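Observations on the model geometry
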Amino acid sequence: QVQLVESGGGLVQAGGSLRLSCAASARTRINYVMAWFRQAPGKEREFVGRITGSGGIYYADSVKGRFTISRDFAKNTVYLQMNSLKLEDTAVYYCAATPYIGGAYNIWGQGTQVTVSS
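Residues numbered from 1 in each chain as written. Predicted model: local features only at pLDDT ≥ 70, side-chain atom pairs only at ≥ 80, totals over all residues. Heavy atoms only, no water.

Helix and strand counts for the chain stand at zero helices and 11 strands. Starting at the N terminus, the α and β elements of the chain follow one another as β-β-β-β-β-β-β-β-β-β-β. Here the C-alpha atoms of the chain give a radius of gyration of 13 Å, agreeing with the 13 Å that 2.2 N^0.38 yields for 118 residues. With the C-alpha coordinates of the chain rotated into their principal frame, the extents come out at 40 × 25 × 25 Å. Looking at the chain as a whole, 46% of its 118 residues qualify as buried. Contacts in the chain between residues at least 24 apart in sequence constitute 52% of all its contacts with a sequence separation of at least 6. On the chain, roughly 6200 Å² of surface is accessible, and the fraction owed to carbon and sulfur atoms is 50%. Where the 12 positive side-chain charges of the chain centre and where its 7 negative ones centre are 7 Å apart. (Helix = DSSP H or I, 4+ residues; strand = E, 2+ residues; numbered from the N terminus. Rg over C-alpha atoms; globule rule 2.2 N^0.38 Å. Buried < 20%, exposed > 50% of the residue type's maximum accessible area, 1.4 Å probe, protein only. Contact = heavy atoms within 4.5 Å. Areas by Shrake-Rupley, 256 points an atom, 1.4 Å probe, with all protein chains shown as cover. Lys, Arg positive; Asp, Glu negative; His and termini not counted. Charge placed at Lys NZ, Arg CZ, Asp CG, Glu CD.)

Listed below in structure tokens is the structure:
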């Protein structure tokens, strides 16, 4: 059973940067789709972006141009580089995995808090 563990969250001022990491406890298949989601207080969970096994990347419009997803197969780790952070980026960030594009994300991490202050 693959487990995902996020890290790298914290408190940052608006305009600053953070990099989140999502480490898999077991080797994920090379074609797994890895995604980032976030959930702000009182709001529904929101898709942030995803990366496929072949490197295809898709971002939500709300983060396009500011966030970058990458993956390191050797380290079984996916990253979310967040730049130009805004107050509205404050949320718990989760990574998730699915075996194929369009499939349900059935593997989730525990989440890491990102708080952007003014």
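Right, let's talk about the environment of Gly10 for a bit. Following the sequence through the fold, Gly10 ends up in strand 2 (residues 10-13). Separated by 103 residues in the primary sequence, Gly10 and Gln113 place their C-alpha atoms 6.1 Å from one another. The contacts of Gly10, once residues within four sequence positions are left out, are Leu18, Gln113, Val114 and Thr115.

We now examine the state of the cysteines. Per the stated rule, a full pass over the model turns up one disulfide. The side chain of Cys22 participates in a disulfide bridge whose partner is Cys95; the two sulfur atoms lie 2.0 Å from each other. Between Cys22 and Cys95 the sulfur-sulfur dihedral comes to about 60°; the bridge is accordingly right-handed. On the criterion of sequence distance, the pair formed by Cys22 in strand 3 (residues 18-24) and Cys95 in strand 9 (residues 91-98) is long-range, its members being 73 residues apart. What makes Cys22 buried here is its relative accessible area of 1%. (Disulfide = S-S within 2.5 Å.)

Covered by surrounding structure in strand 1 (residues 4-7) are Leu4 and Glu6 only, the residues Val5 and Ser7 on the alternate face being uncovered. One ladder, built from four bridges, connects strand 1 with strand 3; its direction is antiparallel. Looking across to strand 3, one finds that Glu6 is bridged to Cys22. (Pairing = 2+ DSSP bridges.)

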